[in-house]
Amino acid sequence: MKSRTRQLVIGLVSSWLILFGVLPILLLVGTSFLAQDPIEFMRYDISLDAYRQLADPAYLEVILRSVKLAAFTTFFCLVIGYPFAWLTARLSKKSRTVVLILLMIPFWTNSLVRTYAIRMVLGTQGLLNTLLMKIGLIDGPIRLLYTDTAVILGLVYLMLPFMILPLYANLEKLDYRLVEAARDLGASYIQIFRKIIWPLSLPGVFAGCILVFVPAMGLFYVATLLGGARQLLVGNLIQQQFLNARNWPLGSATSIVLILMMTLMLTSYGLVLRRLATRKVRP
Amino acid sequence: MKNLRLFFFLGIFSYLYLPIAILIVNAFNSNRYGLKWDGFTLKWFKTMAANDGLMEAAQHSLAIAVCAATFATLIGALAAIAFNRYRFPGRRILQGTLMTLMMAPDIILAISLLVLFVAIGISLGFWSLLIAHITFCLPFTMVTVSARIQGFDPFLLDAARDLGASERQLLYRVVLPILRPALFSSWLLSFTLSLDDVIVSSFVTGPAYDVLPLKIFSMVKVGVKPEVNALATIMVVLSLVLVLLSHLFIKEKENNECAG
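Residues numbered from 1 in each chain as written. Chains lettered and ligands numbered in written order. Predicted model: local features only at pLDDT ≥ 70, side-chain atom pairs only at ≥ 80, totals over all residues. Heavy atoms only, no water.

Looking now at the overall build of chain A. The helix and strand tally for chain A stands at 12 helices and 2 strands. When its helices and strands are written in sequence order, chain A yields α-β-β-α-α-α-α-α-α-α-α-α-α-α. By principal-axis analysis of the C-alpha atoms, chain A measures approximately 70 × 70 × 40 Å. Sequence-distant contacts in chain A: of pairs separated by 6 or more residues, those separated by 24 or more amount to 68%. Total accessible area on chain A is roughly 14,200 Å²; 67% of this is exposed by carbon and sulfur atoms. (Helix = DSSP H or I, 4+ residues; strand = E, 2+ residues; numbered from the N terminus. Contact = heavy atoms within 4.5 Å. Areas by Shrake-Rupley, 256 points an atom, 1.4 Å probe, with all protein chains shown as cover.)

Right, let's get into the side chain of B:Ser112. Counting through the fold element by element, B:Ser112 comes out in helix α5 (residues 106–120). Here B:Ser112 falls in the buried class, since its relative accessible area comes to 2%. In contact with B:Ser112, other than residues within four places in its own chain, are A:Pro24, A:Ile25 and A:Leu28. (Buried < 20%, exposed > 50% of the residue type's maximum accessible area, 1.4 Å probe, protein only.)

This part covers the confidence of the model for chain A. Should the pLDDT be low somewhere, the predicted coordinates at that spot are not to be read in detail. For chain A, per-residue confidence averages 89 on the pLDDT scale, and 97% of positions sit at 70 or higher. At the level of individual helices and strands, chain A shows its lowest average pLDDT in strand β2 (residues 41–46) of chain A, which scores 78, and its highest in helix α3 (residues 57–89) of chain A, which scores 95. (pLDDT = per-residue confidence, 0-100.)

As a further point, take the interface of chain A and chain B. Each side of the interface is counted separately: chain A has 76 residues, and chain B has 74 residues. Buried surface at the junction of chain A and chain B, summed over both partners, amounts to about 7,000 Å²; 84% is from carbon and sulfur atoms. The largest contributions to the chain A side of the interface with chain B come from A:Trp16, A:Trp108 and A:Tyr116, which together make up 12% of the buried area. Summed over the shared surface of chain A and chain B, the result is 0 salt bridges. At the boundary of chain A and chain B, one finds 12 residue pairs in polar contact (both at pLDDT 80 or more). (Buried area = accessible area lost by both parts, 1.4 Å probe. Salt bridge = Lys/Arg side-chain N within 4 Å of Asp/Glu carboxyl O. Polar contact = N/O pair within 3.5 Å; in protein donor to acceptor, adjacent residues only side chain to side chain.)

So, on to helix α1 (residues 2–27) of chain B. Each full turn of the α-helix corresponds to 3.6 residues, which orients residues three or four apart in the same direction. Residue and element names in this part refer to chain B. Taking 1.5 Å per residue as the helical rise, α1 with its 26 residues ought to reach 38 Å, and the 37 Å between its terminal C-alpha atoms agrees with that figure. Most pronounced at Tyr-17, the bend in α1 amounts to some 35°, and the proline Pro-19 follows within four residues. Among all positions in α1, only Phe-9, Ile-12, Phe-13, Tyr-15, Leu-16, Pro-19, Ile-20, Ile-22, Leu-23, Asn-26 and Ala-27 are buried. (Expected span 1.5 Å × (residues − 1). Bend = angle between axes of the 7 residues up to and from the residue.)

Residue and element names in this part refer to chain A. Along the chain, the position of Gly-81 falls in helix α3. Linking Gly-81 and Gly-270, residues 189 residues apart in sequence, is a C-alpha distance of 22 Å. Every residue in contact with Gly-81, bar those within four places of it in the chain, is listed here: Phe-76, Leu-160, Ile-164 and Leu-167.

To continue, consider empty space enclosed by the protein. Tallied over the full model, the rule gives 2 cavities of 30 Å³ or more. What the largest cavity holds in volume is close to 80 Å³. If you go around the largest cavity, the residues you meet are A:Trp108, A:Thr109, A:Asn110, B:Phe191, B:Thr192, B:Leu195, B:Asp196, B:Met235, B:Leu238, B:Ser239 and B:Leu242. Of all the secondary structure elements, the ones that give two or more residues to the lining of the largest cavity are α8 (167–196) and α11 (226–259) of chain B. Within the lining of the largest cavity, the residues separate by chemical class into 6 nonpolar, 4 polar and 1 charged. Quantified by volume, the second largest cavity comes out at close to 50 Å³. Elements with a minimum of two residues in the lining of the second largest cavity: α3 (52–85), α6 (126–151) and α8 of chain B. When residues in the lining of the second largest cavity are grouped by element, the largest group, 3 residues, is from α3(B). By residue class, the composition of the lining of the second largest cavity is 6 nonpolar, 4 polar and 1 charged. (1 Å grid on protein atoms, 1.4 Å probe; cavity = no way out; pocket = protein on both sides within 12 Å on 5 of 7 lines; lining within 4 Å. Points joined across faces, edges and corners; volume = space filled by probe spheres on them. Nonpolar A, V, L, I, M, F, W, Y, C, P; charged D, E, K, R; others polar.)

Have a look at this one:
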């Protein structure tokens, strides 16, 4: 009886993961090597056409631009998220809970709705323009919406918790006595940060960057709502190829770029973890 | 230093909350474009309720969210038990697959499932959407339940067995009560993730089965829609309730640990 239940459980779980986790990715990789067909999405002929189209300078430019936007987003998330996580980790247990709940509420709120809300703030007659005019920084409304800045602002807005949470989990565990010891030995704040806090927090930094950088490139609706009709993110390209241009091989090949970036980042994360682990053993 | 910290938190939280606050205020604002306050009104809520397409999409979304949350919690809990309690070939690989699913961008999951559905001939609609939503919720429920399983004392099971509990009693009297808080928070998290999703849904559903985020997306793409503000307000309140509920369960979990 018990072993039958056990087999059933293992069978169900593994078949779900293989059927809907592993197989789809293999099919996706396969599709990227097929020929394009305007009617049937793709033709079952082996071809490298998709990768040739991918290497087209105009297409590559969009990908590079998306990488740039995601890099800026990751950078700003880190710059805001790091002090946030550090300060939160140093709070009393009660205030910590409050801050974390306050952080989670927007995170649980529909992200499309929040992007739309950002759009209302940035509009020509939105809050930000009105505010800037009132304090006399600008004379007339300036165009905030449909710029790269707006897209970055929206991406940071959505991705910030993904940076803060792994950083917080890491910094919370940091042994504060190390900081005190360093201070007693006469280290400056900058030294303490550079030599102790930052190296120990690297796993958190990497985890946060991985969770922000690649997913940010997929958020096509942010680019559509805040960046206008231009193709800004890799997500827009993929959506375009799958839903409008019906060039599935090219769409798949584009997504392979994302998968490769993801793999690269996860590998370097693994290397950082290993390096930190060996460092601890050393006397 | 303390003031600086306060200012920093205030700054970040106003960045996070101001847009949402403006949205809610505008849901009750007579002015269609929300440019200035023209007095309190509930007419946008009425417009929203009169929009049949929107209401139908909301029903679809709720149905998918409830089903996806239930199945994802169930399968996720089974996966957590299998990974933590059983040793079987391929366990590490499957666990790695789950983690990759969690880290991978939604859009990869979306198009890979789309390719699968087309390849094996599942038509795009309720079932494809449900399968996709269960799949992206699964890693989160697995991790949540796993954390709970790793936290509990395996000797409890031995003790219950020594006292003569049957396998069924063991499940209902020991395992389920211990896992309950984790199951509740998994369910709530999956429910929210499912309602929140735009990317996966926009690829794996068909025209016959429109869901709320897609409907909202097509409405706001063209301009300001005050009934969207009304709907968004309801959604914000809903997520507020869900966060508080899930927090209560975490509290209960901690209390249990203190008692045990």
